[in-house]
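Reading the structure
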Amino acid sequence: MENTISNGELMLEVKNIHKKFADADVLHGISFTVRRGEVLVIIGPSGSGKSTMLRCLNRLEEIDKGSVQVRGEYLAKEVDGSTVYAEGDELRHILGSMGMVFQQFNLFPHMTVLENLLEAPMQVKKMKREEILPVAEELLRKVGLYDKKDSYPARLSGGQQQRVAIARALAMNPAIMLFDEPTSALDPELTGEVLKTMRELAAEHMTMVVVTHEMAFAREVANRVIFMADGNIVEQGTPEELFGAPKEERTKAFLNNML
Amino acid sequence: MDKLMETTLSILAGSKITLEIFAATLAMSLPLGLLAALARLSKIGVISRLTELYIWIMRGSPLMLQLLFVYFALPLVGIKFDPLPSALLAFTLNYAAYFAEIFRAGIQSIERGQYEAAKTLGMTYIQTMRRIILPQMIHRVLPPVSNETINLVKDTSLIYILAMNDLLRVARTIVQRDFDMTAFFIAGVFYLAMTAVLTWMFKKLEAHYGKYDF
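Definitions and cut-offs
- Residues numbered from 1 in each chain as written.
- Chains lettered and ligands numbered in written order.
- Predicted model: local features only at pLDDT ≥ 70, side-chain atom pairs only at ≥ 80, totals over all residues.
- Heavy atoms only, no water.
- Helix = DSSP H or I, 4+ residues; strand = E, 2+ residues; numbered from the N terminus.
- Rg over C-alpha atoms; globule rule 2.2 N^0.38 Å.
- Buried < 20%, exposed > 50% of the residue type's maximum accessible area, 1.4 Å probe, protein only.
- Contact = heavy atoms within 4.5 Å.
- Areas by Shrake-Rupley, 256 points an atom, 1.4 Å probe, with all protein chains shown as cover.
- Lys, Arg positive; Asp, Glu negative; His and termini not counted.
- Charge placed at Lys NZ, Arg CZ, Asp CG, Glu CD.
- Axes fitted to C-alpha atoms, helices over the stretch in contact; angles between N-to-C directions.
- Parallel < 35°, antiparallel > 145°, perpendicular 65-115°, else oblique.
- Left-handed = near helix turned anticlockwise from the far one by under 90°.
- Nonpolar A, V, L, I, M, F, W, Y, C, P; charged D, E, K, R; others polar.
- Patch = residues over 30% accessible without salt bridge, like charges linked within 9 Å, V, L, I, M, F, W, Y side chains within 5 Å.
- Salt bridge = Lys/Arg side-chain N within 4 Å of Asp/Glu carboxyl O.
- Buried area = accessible area lost by both parts, 1.4 Å probe.
- UniProt positions renumbered as here; feature names shortened; annotations may be inferred.
- Pairing = 2+ DSSP bridges.
- 1 Å grid on protein atoms, 1.4 Å probe; cavity = no way out; pocket = protein on both sides within 12 Å on 5 of 7 lines; lining within 4 Å.
- Points joined across faces, edges and corners; volume = space filled by probe spheres on them.
- Core = buried A, V, L, I, M, F, W, Y, C linked by side-chain atoms within 4.5 Å.
- Polar contact = N/O pair within 3.5 Å; in protein donor to acceptor, adjacent residues only side chain to side chain.

A word on the overall build of chain A
Broken down by element type, chain A carries ten helices and eleven strands. A compact globule built from 259 residues should have a C-alpha radius of gyration of about 18 Å, and chain A, at 18 Å, falls within 12% of that. In terms of its C-alpha atoms, chain A occupies a principal-axis envelope of roughly 50 × 45 × 40 Å. The burial tally for chain A puts 55% of its 259 residues in the buried class. Once local pairs closer than 6 in sequence are excluded, the contacts in chain A between residues at least 24 apart make up 64%. If you sum the accessible surface of chain A, you get close to 11200 Å²; carbon and sulfur atoms cover 46% of it. Of the charged side chains in chain A, 30 are positive and 38 negative; the average position of the first set lies 2 Å away from that of the second.

Okay, structure coming up:
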């Protein structure tokens, strides 16, 4: 498993990205790579910049410096000291290869569960309803919510909504899935079902980048863990290395607090 | 009894122009208001600023003055309309400004996460607006839109200033002729009936758009 990943296709290559907001520096030169089938988990204290970093990968935030490459194509690169983003079809193609799951689910409340899944494939990919319907239904079965397909999101629990959100992202058939604290808005008893769905996805060798506070999940599912603090990568390694024998004081202090 | 019937029929005839102005204004000012709301939210500064100016002028001056301006002042620069088109122009521009602000507030009340979800799914601005934002916006703005719509029914009475025989002007003429207040009561009943129908329709609309809220 380790070997197949380390030789696998480079899915994400992030080099030296910097991000400033009006009032604060958030990212100070982050670099990492993700290979096909890899599950990269990013942990760190609140305000460490990990969510911002994730949002830079699909341009929900724009970087000020550095480059982001997705499967060999540049989403953003530096040209003569300024950041240039891909445009037009190229940009759409790059962004289309990534799906995202949000902390607040962000399902479309005026659409049923099934309609949430059909919307983007039909509108964006111009697929016919009968083409995408079996795919969507299969995804709902996979996340265990087929019987809720005609319900509106407000009728579902948070955990169910998040599983629908995962299925909705998967309906676009992405190559990489980004998870931004997918269980942080959930009651503790509901996190399990979402983590189970993510675990199943990882077992199918989906390439995943996960920002989370769930240490047990990181330990069990991640191929590699990055610990971030104050906009920097403090330490990275396999879960065994990072949780078993952290090198940096900062990492040790954080893990002691969390566990 | 005959007199009551005659008064009622006269007022009914006057309601025709009232309803025409009402329906035509609504049909034009709602889409124009939506366009103005999107223009007001435009990232292009000059478009947003110009729309703001338009909204300020229309909301900041009396509708009566706007009616008079269109009918009496525009001809001075060579733009001349009959009373009915004059009234429709002034009413539409005026109501579109109010609707624009209602729609703008409605659009801005939709959570940022909805835009982000649509964006990460690859939807364009137009798809996001049409499929995700506006359907949710409509549900939220129905109560204030209902308010404005009911106001419009009553504001139509201002067209008497352009010598059009609307419901209220007909009633007033009858009262002044006969020294009998009955016509005013009948006019009141007509307005109440119209707003009752509107209230009922908006209730239905709210129920329709609210079916996904619990």
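Brief notes about the packing of helix α7 (residues 167-178) of chain B against helix α8 (residues 182-209) of chain B
Residues and elements named next belong to chain B. The interhelical angle for the contact between α7 and α8, taken along N-to-C directions, is 165 degrees, at an axis separation of 8 Å. Classed by the angle they form, the pair α7 and α8 counts as roughly antiparallel. Of the two possible hands of crossing, α7 and α8 adopt the one that is right-handed. Across the interface between the two elements, Leu167, Leu168, Ala171, Arg172, Ile174 and Val175 of α7 pack against Ala183, Phe184, Ala187, Phe190, Tyr191 and Met194 of α8. Of the residues belonging to the contact of α7 with α8, the class tally is eleven nonpolar, no polar and one charged.

A word on a nonpolar patch on the surface
Where nonpolar side chains cluster on the molecular surface, the patch consists of Ile44, Val46, Ile47, Leu50, Leu53, Trp56 and Ile57 of chain B and spans about 710 Å² of accessible area. In this fold, Ile57 of chain B is placed in helix α2 (residues 45-60).

A look at the interface of chain B and chain A
Each side of the interface is counted separately: chain B has 20 residues, and chain A has 24 residues. Taken together, the two surfaces of chain B and chain A that pack against each other cover about 2000 Å², and 61% of this comes from carbon and sulfur. Counting the contacts that link chain B with chain A gives two salt bridges. A salt bridge links Glu116 of chain B to Arg55 of chain A, with the shortest nitrogen-to-oxygen separation between them at 2.6 Å.

A few points about the environment of Lys43 of chain B
All names here are of chain B. Position of Lys43 relative to the elements: it lies in the loop between α1 (2-40) and α2. Overall, Lys43 belongs to the exposed group, its relative accessible area being 85%. Linking Lys43 and His139, residues 96 residues apart in sequence, is a C-alpha distance of 25 Å.

Some remarks on the UniProt feature "domain: ABC transporter" (unreviewed entry) in chain A
According to UniProt, the "domain: ABC transporter" (unreviewed entry) feature falls on residues 12-255 of chain A. Within the segment residues 12-255 of chain A, helix and strand shares are 37% and 28% respectively, and the terminal C-alpha atoms sit 27 Å apart.

A closer look at unusual backbone geometry
Residue and element names in this part refer to chain A. Backbone geometry places Phe105, a non-glycine residue, at a positive phi of 65 degrees. Counting through the fold element by element, Phe105 comes out in the loop between β7 (98-101) and α4 (113-123). Positive phi values are uncommon outside glycine, yet Glu181 reaches one of about 45 degrees. Take Glu181: it is sitting in the loop between β8 (176-180) and α7 (188-203).

Structural notes on the sheet that holds strand β6 (residues 82-85) of chain A
Residues and elements named next belong to chain A. The antiparallel open sheet is built from five strands, whose spatial order is β2-β1-β4-β5-β6. In the strand order of this sheet, the two ends are held by β2 (25-35) and β6, each with one partner. Strand-to-strand twist in this sheet, taken as the mean axis angle between neighbours without regard to direction, amounts to 15 degrees. Across four bridges, strand β5 (residues 73-79) lies against β6 in antiparallel orientation. Of the residues in β6, the one forming a bridge with Val79 is Ser82. Along the sheet face, helix α2 (residues 50-57) touches β1 (10-20), β2, β4 (65-70) and β5 and points at about 60 degrees away from the line of β2. Against the sheet, helix α3 (residues 88-96) makes contact with β4 and β5, and its axis sits at roughly 120 degrees relative to β5, the strand it touches most.

Comments concerning empty space enclosed by the protein
Scanning the model with the defined rule gives one cavity of 30 Å³ or more in all. Computed from the structure, the largest cavity encloses a volume of approximately 50 Å³. If you go around the largest cavity, the residues you meet are Asn58, Leu95 and Met98 of chain A together with Lys119 and Thr120 of chain B.

Overview of α4 of chain A
Of all the eleven residues making up α4 of chain A, nine are buried; the element is thus mostly covered by neighbouring parts of the structure. For α4 of chain A, every residue scored as buried is listed here: Val113, Leu114, Asn116, Leu117, Leu118, Glu119, Ala120, Pro121 and Gln123 of chain A. Packing partners of the buried residues in α4 of chain A comprise α5 (129-142) and α6 (158-170) of chain A together with α6 (125-155) of chain B.

Brief notes about the UniProt feature "domain: ABC transmembrane type-1" (unreviewed entry) in chain B
Here the UniProt feature "domain: ABC transmembrane type-1" (unreviewed entry) sits at residues 15-202 of chain B. Segment residues 15-202 of chain B splits into 81% helix and 0% strand. End C-alpha atoms: 21 Å apart.

Here we look at the nonpolar core
By size, the foremost hydrophobic cluster in this structure holds 92 residues, and its most contacted members are Ile17, Phe32, Met53, Leu57 and Val209 of chain A together with Ile11 and Phe91 of chain B. At eleven residues, α6 of chain B tops the list of elements feeding residues into this core. Within the second largest apolar cluster, 48 residues are counted, among which are Ile132, Ala136, Ala171 and Phe243 of chain A.

Remarks on the side chain of Glu235 of chain A
Residues and elements named next belong to chain A. Structurally, the position occupied by Glu235 is in strand β11 (residues 232-237). Notably, Glu235 is buried but unbridged: the nearest opposite-charge side chain belongs to Lys247, and the N-O separation is 4.6 Å. In this structure the side chain of Glu235 is engaged in a polar contact, spanning 2.7 Å, whose partner is the side chain of Thr251. Apart from residues no more than four positions distant in its own chain, Glu235 is found in contact with Val225, Ile226, Phe227, Leu242, Ala245, Pro246, Lys247, Glu248 and Thr251.

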